[in-house]
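Take a look at the letters that make up each chain.
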Amino acid sequence: MDAVKRYFRSPSAIVGLFLLLIVVAMAASAGWLYPNDPLSLAGRPLVWPFANPRFPLGTDNSGRDIAAQIFYGARISLLIGGVATLIAVVIGVLIGAFAGFYGGKVDTILMRITEAFQTLPNFVLLLVLVAVFGSTLTTVTIAVGIVSWPAPARLTRAEFMSLRSREFVQAGRTLGMKDIQLILGEILPNALPPVIVYASVVMAVSILLESALAFLRLSDPNVASWGNLIGLGRDVLRVQWYVSAIPGIAILLTVLAVSLVGQGLNDALNPRLKSR
């Protein structure tokens, strides 16, 4: 309860939560408000926003309803951001936990693997994975998660290295607890708060990475995503700029919301800030 109170003391955290709830509500209500396929033709191409009551946000190059794509795109962005973050955090926590707990050769080997993944920029490695394994929604989501795990791994490793010599760990060893019990039952719960906070950063970056892929037309073209809509609007950017601007604003607000929520979680869970 104290953490919740600390969270709601921050106006920016409340704003972030409010914006995120709006995006979640859009994703949840998409099928109810727009029961038809969002990629089906709905009217004349390139109708400006508010020019036709049927299309409050206008239509794209092919005559598809932009509002429907925005609502369904919220589902895609949250799905990719959430699943990719889960993949990245699970891989990162496992590697970081074993590296930080055992140290020595185990730490050296695992950190060399981590550094090998960090040799290439995330987006370049993502392009390679998509080029090799395809650009379906599942492939893109897994690929985004795979390129995003090194940072959580390093953070988890640092937390484990600072906690592994604490008194409660030594007491567990004295009681005969196995290593896996110490890792999962004793150290990991104490190391998770900063990882959970950083997960918001991973989620925001995951949404941006998928949008960048879609803008380059390397993401799944069979789903209504914000990035696909931005890429489609690139061809008419000088005249009908709204086709790219509207999904761009949606991405901006969603990433901002996730970042503000993450900052609020940091203020609520950071032990250094609890006394303030």
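What comes next is a walk through the structure.

Definitions and cut-offs
- Residues numbered from 1 in each chain as written.
- Predicted model: local features only at pLDDT ≥ 70, side-chain atom pairs only at ≥ 80, totals over all residues.
- Heavy atoms only, no water.
- 1 Å grid on protein atoms, 1.4 Å probe; cavity = no way out; pocket = protein on both sides within 12 Å on 5 of 7 lines; lining within 4 Å.
- Points joined across faces, edges and corners; volume = space filled by probe spheres on them.
- Helix = DSSP H or I, 4+ residues; strand = E, 2+ residues; numbered from the N terminus.
- Nonpolar A, V, L, I, M, F, W, Y, C, P; charged D, E, K, R; others polar.
- Salt bridge = Lys/Arg side-chain N within 4 Å of Asp/Glu carboxyl O.
- Buried < 20%, exposed > 50% of the residue type's maximum accessible area, 1.4 Å probe, protein only.
- Phe/Tyr/Trp six-rings, centres within 6.5 Å; stacked < 30°, edge-to-face > 60°.

1. Quick word on the layout of surface pockets
The space that makes up the second largest pocket amounts to roughly 200 Å³. Counting residues per element, the lining of the second largest pocket draws most heavily on helix α10 (residues 226-233), which supplies four residues. The class makeup of the residues in the lining of the second largest pocket is eight nonpolar, five polar and two charged.

2. A word on the pattern of salt bridges
One pass over the full model with this rule turns up six salt bridges. In this structure, the salt-bridge partner of R64 is D60, at a minimum N-O distance of 3.1 Å. Salt-bridge contacts for D179 lead to R173; the nearest nitrogen and oxygen are separated by 4.0 Å. Relative accessible area serves as the criterion here: at 29%, D179 is assigned to the partly exposed category. Salt bridges here are not isolated pairs; linked through shared partners, they connect R112, E115 and R154.

3. Brief notes about the environment of T108
In this structure, T108 sits in helix α4 (residues 104-118). We classify T108 as partly exposed; its relative accessible area is 39%.

4. Re the packing of aromatic side chains
Evaluated as defined, the whole model comprises seven aromatic pairs. Geometrically, the ring pair formed by Y34 and F71 is tilted, given 5.5 Å between the ring centres and 55° between the ring planes. In this pair, Y34 sits in the loop between α2 (11-33) and α3 (66-102) while F71 sits in helix α3, placing the two residues 37 residues apart along the sequence. Considered together, Y34 and F71 belong to a single accessibility category, that of buried residues. Each ring, one from F117 and one from W149, has its centre 5.0 Å from the other, and the planes form 65°; the classification is edge-to-face.

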